[in-house]
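The chain contents come next:
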Amino acid sequence: MVVKLYGPDFASAKRVLVCLIEKEVIFETVPIDIFKGQNKDPDFLNLQPFGVVPVIQDGDYTLFESRAIIRYYAEKYKSQGTDLLGKSIEERGAVEQWLEVEAQNYHPAIYTLVIEILLARKKGTPSDAKAIEESEKKLGKVLDIYEERLSKSKYLAGDFFSLADLSHLPFTKYLADMGKMYLIEERKHVKAWWDVISNRPSWKKVSSSRWPLVE
């Protein structure tokens with residue numbers, strides 16, 4: 001059964017794509033143009049009542065929210081492809097901990113930067129300079145904690161690549177587009193971590209591909 005991934009060819013949908021490739025899952029993408037409002041079409045709302053991307057259809061099973069989706073595939077195909085959950089309950093706990101850190105601490109700050117810089121640029125609307133300044137400070141404080149953590153282990157959850165690292169890929173890439181990659185580069189251990197995870201073949205394929213994409 002081929003998995004269908006609905007969404008745009010950017011942001012959180014790429015989080016799911018990287019996971020599917022790492023887990024060697026056969027899939028096809030169904031482009032959803034959110035700038036044209038296709039995520040509000042009745043057919044899409046039947047899949048995702050909130051009108052948010054991405055969504056997967058796996059046979060008769062439908063699931064939305066990108067982090068829920070990557071957890072699902074990492075567990076469903078645990079013995080296939082890259083093990084993204086760890087080999088022990090303690091490693092699994094560390095993966096879940098840092099995945100939550102990404103969702104609750106890292107992502108909100110970087111998401112605001114994306115909205116106020118990249119999206120504002122695309123729409124031709126003014127940015128909120130105060131929101132940008134505050135979000136950059138918040139992100140810097142989070143990255144200081146990452147720097148300490150990554151001075152002790154190669155990856156966030158330990159010495160293995162996991163969902164915790166994977167989940168950072170799509171939005172961290174936008175720092176370069178916003179001219180704020182120095183937030184990564186001025187932190188030795190964070191930079192080393194980013195260099196490793198951003199050079200994984202799965203991310204290179206996803207970051208350079210345009211939809212529709214079939215694996």
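What counts, and at which threshold
Residues numbered from 1 in each chain as written. Predicted model: local features only at pLDDT ≥ 70, side-chain atom pairs only at ≥ 80, totals over all residues. Heavy atoms only, no water. Helix = DSSP H or I, 4+ residues; strand = E, 2+ residues; numbered from the N terminus. Rg over C-alpha atoms; globule rule 2.2 N^0.38 Å. Axes fitted to C-alpha atoms, helices over the stretch in contact; angles between N-to-C directions. Parallel < 35°, antiparallel > 145°, perpendicular 65-115°, else oblique. Left-handed = near helix turned anticlockwise from the far one by under 90°. Contact = heavy atoms within 4.5 Å. Nonpolar A, V, L, I, M, F, W, Y, C, P; charged D, E, K, R; others polar. Core = buried A, V, L, I, M, F, W, Y, C linked by side-chain atoms within 4.5 Å. Buried < 20%, exposed > 50% of the residue type's maximum accessible area, 1.4 Å probe, protein only.

## Side note on the overall build of the protein
What the protein contains, in helices and strands, is 10 helices and 4 strands. The secondary structure elements of the protein, listed N-terminal to C-terminal, are β-α-β-α-β-β-α-α-α-α-α-α-α-α. Since a compact globule built from 215 residues should have a radius of gyration of about 17 Å, the 17 Å found for the protein is in line with a globular shape. Along the first, second and third principal axes, the C-alpha set of the protein runs to 50 × 45 × 25 Å.

## What about the packing of helix α1 (residues 12-22) against helix α10 (residues 201-208)?
Between α1 and α10, whose axes approach to 9 Å, the crossing angle comes to 135 degrees. Taken together, the axes of α1 and α10 are oblique relative to one another. Judged by the sense of rotation from one axis to the other, the crossing of α1 with α10 is right-handed. Where α1 approaches α10, its residues K14, L17, V18, I21 and E22 are matched on the opposing element by S202, W203, K205, V206 and S207. Here the residues of the contact of α1 with α10 are counted per class, giving 5 nonpolar, 2 polar and 3 charged.

## A closer look at the nonpolar core
In this structure, Y106, L139, Y146, L163, L175 and W193 are the most contacted members of the largest nonpolar core, which totals 59 residues. With 12 residues, the top contributor of residues to this core is helix α4 (residues 89-123). Apart from residues no more than four positions distant in its own chain, L139 is found in contact with Y106, A109, I110, L113, L175 and L183. Among the nonpolar cores identified, the runner-up in size contains 6 residues, and I32, F44, L47 and V55 belong to it.

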